[in-house]
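# Tertiary structure, described
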Protein chains: 2
Amino acid sequence: MSRPTPVSGFPELLPAQRMAEQQILDELRRVFELHGFAGVETRAVETVEQLGSKGEVEKEVYVLRRLHADPGAEAADPSSTLGLHFDLTVPFARYVLEHAGRLEFPFRRYQIQKAWRGERPQEGRFREFTQADIDVVGRDELPFHHDVEVARVMAEALGSLTFLPRLRIQVNNRRLLQGFYAGIGVDDPTAAMRVVDKLDKLSPHRVAQALVDEVGLSARQADQCLELAAVRSTDTSFVDAVKRLGVEHDLLEQGLAELRTVVEGCAGAQTDRLTIEADLSVARGLDYYTGTVFETRMSGFEGLGSICSGGRYDSLASDGRTTYPGVGISLGVSRLLVPLFQRGLVTGSRSVPSAVLVALPDEGSRPECDAVAQALRARGVAAEVAASAQKYGKQIRYAERRGIPFVWFPPSGEAGHEVKDIRSGEQVEADLDSWMPPHADLRPQVTVEEELS
Amino acid sequence: MSRPTPVSGFPELLPAQRMAEQQILDELRRVFELHGFAGVETRAVETVEQLGSKGEVEKEVYVLRRLHADPGAEAADPSSTLGLHFDLTVPFARYVLEHAGRLEFPFRRYQIQKAWRGERPQEGRFREFTQADIDVVGRDELPFHHDVEVARVMAEALGSLTFLPRLRIQVNNRRLLQGFYAGIGVDDPTAAMRVVDKLDKLSPHRVAQALVDEVGLSARQADQCLELAAVRSTDTSFVDAVKRLGVEHDLLEQGLAELRTVVEGCAGAQTDRLTIEADLSVARGLDYYTGTVFETRMSGFEGLGSICSGGRYDSLASDGRTTYPGVGISLGVSRLLVPLFQRGLVTGSRSVPSAVLVALPDEGSRPECDAVAQALRARGVAAEVAASAQKYGKQIRYAERRGIPFVWFPPSGEAGHEVKDIRSGEQVEADLDSWMPPHADLRPQVTVEEELS
């Protein structure tokens, strides 16, 4: 077989990069679990009928067919044709409905899985990608404090990834927008929101023009929409800024109060690299959001768009009798990490988990060297024995190429056990029954190749 | 939307079961990493050409098609048509070839991922299933001691899953079989192996008959094959048992020596629930194994077949110039666990990660209760605050239904912080700055509903 070539849109990581990704996924999981979110996995496939139930991206779905199945057999029936899921929200909604009788509500879950879309690949957009979602779903009702909770948990999770470029979590509230638009007399607030949502791609002037041309607003109304969209603050001063615009509406009041609660509730999760702010330009084009909405920008990577988005939906799922409201946020793990890997900005500190390479003086000593490695493993220190009894210089280079920080030398002649830090070159006597590497060397770390903004 | 129904062959776990699965995957990963195996993930898809490269199960492959792609467009070219991988060996072989220039050999990797097969579901056989593979691959050569290593590492990993029914890892060596068959004058040893491999499904009498009818052996030769297949031992006594059969051949000698080395090398990994034995009836029908072969039986679940199999392949991959020999074992995680879940024999001790529910006296106290939870989380104790300020009895039942072992009561009147173990009912004063649950309650545990054999 000749050397295979990559498949466009299906990024694959080298071992050191995968070490970094694994540390990051572990960290996300750690934070989610500390907050009581249960890890759930759904099957990779849904029926095409289910995948189309939100009326979205149907054309990008990969459908499955058995290689030797009757051609065209699957095309007939969307209730039995299977496609790969394109996000984790649709499968989760289906999971909730299917298993509702055996779940406890409110149900907090996180889900870290791959998803697939048959779309054209570009930076940060792949055909196979990993998502990390958190959602809280209720039966019939879901108190508002869960909006604050999911924002704070995701902020805490992102804040723990200290190697990331600066992040800005932007929060808004669709009730606030709807109330404001209704208050200034806009007939179709949803259509106006969809246009305002383009502010990150179009100039304010062109957005104003589109509001006039496409949604039928007056020039004055369009200006007011843009004035509202210009409001942002990392504290609750946005409330006064909105009030100064002089528009009154019950929904606006309710939305302002909710947004204030989220911003206040998340204040403690801010760090010098992570801000959480009210940003009234955020609208989220998707119709199913009904209250709080989230987006997240990464400094220096604005072209990726939002890397972490979500919001409140009054009906995540419904079986006709019971409605399940939810609130959640979805982190695009691949969208975030793969560009950092591809630009060589971030990687893992080593390509193997081993903290120690046990040197092998000769092949006959393998059992003794295995016993040394086993003693280290019993204390949680990952260790491997050299693959062959080459000269020690070659064995040290073997460790170096993999990023293994320590080489262990079994007793020889008068000398007892010794361990060498191959970065400093320092070699010292060591007690096999108690020696531990420094905590930072115990596991591979995420390393930043270059200071990020 | 009406209530969705399960999709046959795509098992999904409830939260408590998923907690148990997650603990098990963590444990496997822990052991693999302690031995220096690097975690690798490959994309879910390969070209159909790649998937057919081992000449295997091609008909069971799920191929992908974009929902609105030109029908039939994908059928034409197997080098660009994508299919879901049906195991983790074919993708790993392709990964090694594709990235060889950036990997260090010998390369130890573990890979825990889903795979898909469009076959008819039955107990332990699914259309979507999780595998956990370990392999060591060399460039041009791979010393034999890695055969011992992979066996020992997988034995240690399986041995750490103490809730499992009794396991029997069976080891054999195809060189041994080939040498023996050649030594008794069998013309086509590979054909004979394929027939002997059916001994777990057919009676010895019928296997002997098939050896005569299908492979052209004499009755005497067929008897000798069965005599060899009857040899098994958990120590090295199998060597003498084979020698007593009086057959001589160089390959037989080499195979015996290798098998003895594996059995000796794994002796330390045996437990009272896990045996590792030479079993000369194991042949593995697959042609690419060239030396050591492994299978594993689970007591009381013999109908599942082997739940963990593998062996040595002199050519895992080759690009024409360089050959990559390997040795590995693949654990069928779903094959093993899903039947245990489905029969209700094993589950998780709770359906959420939370060790503590912080009770909520009234909605106004939420910030104080959040602060209590946050203090616990800072020490690694997963905690959640009650969703609503119901009567304490209801809040305790909320915890009970989820299996949360502790309920925390914030100060009230004269009383300070108190914590209740809801299993014993014992409620004691607790110091928010230092209280920890017992170690066994910190994380959800795998619980065995019924003593397994």
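Conventions we followed
- For every chain, the first residue of its written sequence is number 1, and the numbers climb from 1 along that sequence.
- For this description, chains carry letters from A and ligands carry numbers from 1, given in the order in which they are written.
- In view of the model being predicted, local features appear only for residues whose pLDDT reaches at least 70, and side-chain atom pairs are presented and counted only at 80 or more, with totals across whole chains, interfaces and linings using the full set of residues.
- Each helix is a run of DSSP H or I of at least 4 residues and each strand a run of E of at least 2, with the numbering of both proceeding from the N terminus.
- Any residue whose C-beta has 12 or fewer other C-beta atoms within 10 Å is treated as exposed, any with 20 or more as buried, and any in between as partly exposed, C-beta atoms being built from the backbone.
- Remark: residues whose backbone-derived C-beta atoms lie within 7 Å of one another are considered to be in contact.
- Two strands pair under a simple rule: DSSP has to find at least two bridges between them.
- In this description, the arc belongs to the directions extending from the helix axis to the C-beta atoms.
- In this usage, the nonpolar core is the set of buried Ala, Val, Leu, Ile, Met, Phe, Trp, Tyr and Cys residues whose C-beta atoms join them within 7 Å.
- Reported domain spans reflect what an automatic or database domain assignment gives.
- The copies were overlaid with a least-squares fit restricted to C-alpha atoms from residues scoring a pLDDT of at least 70 in each copy.
- Polarity classes work like this: nonpolar for Ala, Val, Leu, Ile, Met, Phe, Trp, Tyr, Cys and Pro, charged for Asp, Glu, Lys and Arg, and polar for all others, with Gly in that last group.
- Axis definition: a line fit to C-alpha positions, over the contact stretch in the case of helices; interaxial angles, taken between N-to-C directions, run 0 to 180 degrees.
- Angular relationships are summarised with four words: roughly parallel below 35 degrees, roughly antiparallel beyond 145, roughly perpendicular across 65 to 115, and oblique for the angles in between.
- Crossings are assigned a handedness: left-handed for a near helix turned anticlockwise from the far helix by less than a right angle, right-handed for a clockwise turn.

## Things to note about the overall build of chain A
Summing up its helical and strand segments, chain A has 14 helices and 19 strands in all. Per-residue burial for chain A yields a buried fraction of 49% across its 453 residues. Restricting to contacts in chain A with at least 6 residues of sequence separation, those with at least 24 account for 70%.

## As for the pairing of strand β16 (residues 406-409) of chain A
Residues and elements named next belong to chain A. Alternating positions in β16 separate into two faces, F406 and W408 on one and V407 and F409 on the other, with burial throughout. Where strand β14 (residues 356-358) lies against β16, 3 bridges are found, and the strand directions are parallel. Within β16, the position partnered with V356 by the bridge is F406. Relative to strand β17 (residues 418-421), β16 runs antiparallel, the two sharing 4 bridges. What sits directly across from F406, in β17, is D421.

## Some remarks on the sheet that holds strand β10 (residues 292-298) of chain A
Residue and element names in this part refer to chain A. Pairing within the open sheet is mixed, and its 9 strands lie in the order β1-β5-β6-β12-β11-β10-β7-β9-β8. Since the sheet does not close on itself, it has two edges, and those belong to β1 (38-39) and β8 (232-233), each with one partner. Where strand β7 (residues 167-173) and β10 come together, 7 bridges link them in antiparallel fashion. Its bridge partner lying in β10, I169 is registered against T296.

## A few points about the environment of B:G320
Residues and elements named next belong to chain B. By the element assignment, G320 lies in the loop between β11 (308-318) and β12 (323-332). Judged by the 8 C-beta atoms lying within 10 Å of it, G320 falls in the exposed class. G320 sits 48 residues away from E368 along the chain, and the two C-alpha atoms are 68 Å apart.

## Focus on helix α8 (residues 219-229) of chain A
Residue and element names in this part refer to chain A. If you check which residues of α8 are buried, you get A222, Q224, C225, L228 and A229. Taken around the axis of α8, the buried residues stretch over an arc of 160 degrees, which confines them to a single face. Opposite the packed face of α8, turned more than 90 degrees from it, sit the exposed residues A219 and R220. Lining the buried residues of α8 we find α5 (174-183), α6 (189-196), α7 (204-215) and α9 (238-243).

## Brief notes about unusual backbone geometry
All names here are of chain A. With omega at -5 degrees, the peptide bond leading from F105 into P106 counts as cis. One non-glycine residue, D140, lies in positive phi territory at about 70 degrees. For D140, the position within the fold is in the loop between β6 (128-137) and α4 (145-159).

## Concerning the nonpolar core
Soluble globular proteins tend to bury their nonpolar side chains together. Core analysis: the biggest nonpolar cluster contains 267 residues, and A:M154, A:V358, B:M154 and B:V358 have the highest contact counts within it. Looking at which domains feed residues into this core, each of domain 1 (18-39 + 123-347) and domain 2 (356-442) of chain B supplies at least three. Apart from residues lying up to four places away in sequence, A:M154 is in contact with A:I134, A:C308, A:I329 and A:L331.

## What to know about the relation of the copies chain A and chain B
With an RMSD of 0.0 Å, the operation that places chain A on chain B is a rotation of 180 degrees combined with a shift of 0.0 Å along the axis. Such a combination of rotation and displacement between the chain copies is what one expects of a two-fold axis. Residues of chain A ranked by C-alpha distance from the rotation axis are headed by A:L64, positioned 2.5 Å from it. A symmetric contact is evident, with 100% of the interface residues of chain A recurring at the interface of chain B.

## Some details on the interface of chain A and chain B
Between chain A and chain B, the contact holds 68 residues from the first and 68 residues from the second. Tallied by class, the residues present in the side of chain A that touches chain B amount to 28 nonpolar, 18 polar and 22 charged. Sheet topology places strand β3 (residues 62-66) of chain A next to strand β3 (residues 62-66) of chain B; 5 bridges connect them, and they run antiparallel. Across the sheet, A:R66 pairs through a bridge with B:Y62, a residue of β3(B).

## A few points about the sheet that holds β16(A)
Residues and elements named next belong to chain A. Here 5 strands make up an open sheet; going across it, the order is β15-β14-β16-β17-β18 and the pairing mixed. The two strands at the open ends of the sheet, each matched to only one other strand, are β15 (383-385) and β18 (427-429). Neighbour-to-neighbour, the strand axes of the sheet open up by a mean angle of 25 degrees, direction not taken into account. Here β14 runs beside β15; their pairing, made up of 3 bridges, is parallel. The residue bridging V356 from the neighbouring strand is A383, located in β15. Against the sheet, helix α12 (residues 366-378) touches β14, β15 and β16, its axis set at about 175 degrees to β15.

## As for the pairing of strand β10 (residues 292-298) of chain B
Residue and element names in this part refer to chain B. Burial within β10 is extensive, with 7 of its 7 residues counted as buried. Because side chains alternate across β10, one face comprises the buried residues T292, F294, T296 and M298, and the other comprises V293, E295 and R297, equally buried. Bridge analysis of β10 against β11 gives 2 bridges, and the strand direction is antiparallel. By the bridge assignment for β11, V293 is matched with G311.

## Comments concerning the packing of α5(A) against helix α10 (residues 250-266) of chain A
All names here are of chain A. Direction vectors running N to C along α5 and α10 enclose 150 degrees, while the axes themselves pass 7 Å from each other. Judged on the interaxial angle alone, α10 and α5 are roughly antiparallel. When the axes of α5 and α10 are compared, the crossing they make is left-handed. Every residue of α10 that contacts α5 at R175, L176, Q178, G179, F180, A182 and G183 is listed here: D250, L251, L252, Q254, G255, L256, E258 and L259. Split by residue class, the contact of α5 with α10 holds 7 nonpolar, 5 polar and 3 charged.

Limitation: the analysis is restricted to geometry and does not speak to function.
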